[in-house]
Amino acid sequence: MPSFPPVQSVQRAFVLLRELNKQRVATIADLHARTGLPKPTIVRLLETLIADGYVASDKRLGGYQVTSQVTTLASGFHGSPMVIEAARPWAIDLTRRLKWPVSVALLAGDAVAVRFSTIPDSPVSPFHATINMRLSLVSRGLGRAYLAWCPRAERDLLVRMLETSQDPEDHPPDLHAVVRNLVRTVRARGFAERDPSTEPMSSSTVAMPIMADGRVLATVGLTYFRSAVPRSKLIEQIVQPLKEARVRIEESIAAMKTR
């Protein structure tokens, strides 16, 4: 909770700026109708935004419009933080319901790295901490999900990078054959799993891609103890709930892009 009340003038400025950003040109009457802000307030805020270079008054078109200066407000924000922002509530909700920890991983060179985890919310996590943990694209569930669903050209590049990797997990006897089989089987199942011969063998991870515009933004996975989830119950207890969460995450990302 904030330690002080929000500054209303700042809130109103952002309301106005968001509305201007939706319109090619907007008049004071348009902005009043769309925001409900008093016209004198709109005028004062517009003059301030004009003075700071975020808004321009276009007399020829009879209204106001944002300038290229507004792009500087997003210069520190990239796709990765948006994925984490979208995934966080759904991952936490999934852990609260199933108790198992959920992780979101992003591509990091020739591997993926965990950037968000609900381990603190899980009473039965197989791991104490995983943030920034590097996970192989070849042997780990979160990595396999990325490799299986990324575009062919990207996958070919990643395989070339894996050929020079120093991680033993990245070097099965025939890397290219393993990747081809991995892509085929993972896509057919609709989810990836950690290689059962990879430690810790007492647990496993089911993972899926978080997609947008035909590319993999991240992967989301749920880790569980093998002894607690019979193989016959895997789809019902793990795969289906994770799939539903992934769909919600992708819907949240789409909504964020239209805001």
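Procedures and definitions
Residues numbered from 1 in each chain as written. Predicted model: local features only at pLDDT ≥ 70, side-chain atom pairs only at ≥ 80, totals over all residues. Heavy atoms only, no water. Helix = DSSP H or I, 4+ residues; strand = E, 2+ residues; numbered from the N terminus. Buried < 20%, exposed > 50% of the residue type's maximum accessible area, 1.4 Å probe, protein only. Contact = heavy atoms within 4.5 Å. Pairing = 2+ DSSP bridges.

1. As for the side chain of Ser204
Thinking step 1. By the element assignment, Ser204 lies in strand S7 (residues 203-212).
Thinking step 2. Accessibility expressed as a relative area gives 1% for Ser204, which makes it buried.
Thinking step 3. Look past the residues within four positions of Ser204 in its chain and what remains in contact with it is Glu193, Arg194, Leu222, Thr223, Tyr224 and Arg226.

2. Thoughts on the pairing of strand S3 (residues 102-108)
Thinking step 1. Most of S3 sits out of view: five of its seven residues are buried.
Thinking step 2. When S3 meets strand S8 (residues 215-225), the two strands line up antiparallel, connected through four bridges. Within the sheet, the bridge partner assigned to Val104 lies in S8 and is Val220.
Thinking step 3. With six bridges connecting them, S3 and strand S4 (residues 111-117) associate as antiparallel partners. Note on S4: the bridge partner recorded for Ala105 is Val114.
Thinking step 4. Hairpin connection of S3 to S4: two residues between the antiparallel strands, including Gly109 at a positive phi of 70°.

As far as function goes, none of this settles anything; it's purely spatial.
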